[in-house]
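Report on the structure
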Amino acid sequence: MATDTERTHLDIHDRSSREAYARLFGISEEQLRKAVRLVGSRVSTLRGHLRR
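Residue indices begin from 1 for each chain and proceed along its sequence in written order. Totals for whole chains, interfaces and linings use all residues, but because this is a predicted model, local features are given only for residues with pLDDT of at least 70 and pairs of side-chain atoms are given and counted only at 80 or more. Hydrogens and waters are ignored; side-chain quantities use all the structure's heavy atoms.

By the naming in an unreviewed UniProt entry, the chain goes by DUF3606 domain-containing protein and is assigned to Methylobacterium pseudosasicola.

In terms of nonpolar packing, the biggest core is built from 11 residues, these being L10, I12, Y21, A22, F25, I27, L32, A35, V36, V43 and L46. By the convention used here, residues are in contact when the closest approach between their heavy atoms is within 4.5 Å. Residues in contact with L46, not counting those within four places in the same chain, are L10, F25, A35, V36, V39, G40 and S41. Here, the term nonpolar core denotes a set of buried Ala, Val, Leu, Ile, Met, Phe, Trp, Tyr and Cys residues that are joined through side-chain atoms within 4.5 Å. Under the scheme applied here, a residue whose accessible area is under 20% of the maximum for its type counts as buried, over 50% as exposed, and between as partly exposed, the area being computed with a 1.4 Å probe on protein chains only.

The next point concerns the pattern of salt bridges. Once the charged atoms of two side chains with opposite charge are near each other, the side chains can pair. One speaks of a salt bridge when a side-chain nitrogen belonging to Lys or Arg is within 4 Å of a carboxyl oxygen belonging to Asp or Glu. In total, this model carries three salt bridges according to the counting rule given. With its nearest N and O atoms 3.1 Å apart, the salt bridge here joins E19 to R15. Highlighted residues: E19 and R15, both in helix α2 (residues 15-25), separated by four residues, approximately one helical turn. On the basis of relative accessible area, E19 is assigned to the partly exposed category, the value being 29%. We classify R15 as exposed; its relative accessible area is 57%. Labels follow the DSSP assignment, with helices taken as runs of H or I lasting at least four residues and strands as runs of E lasting at least two, numbered in each case from the N terminus.

Now the structure itself:
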């Protein structure tokens, strides 16, 4: 079962997590890495950033 941290933050070092979130957001893993560098790993913040 996922912990609270796993539900709120993306573990950019975990390949399966990266792949799943990249697919969820409809972007490449590299685009996801860049977004995490810009705004951090909080999923809600990433979602807001990527909607722009």
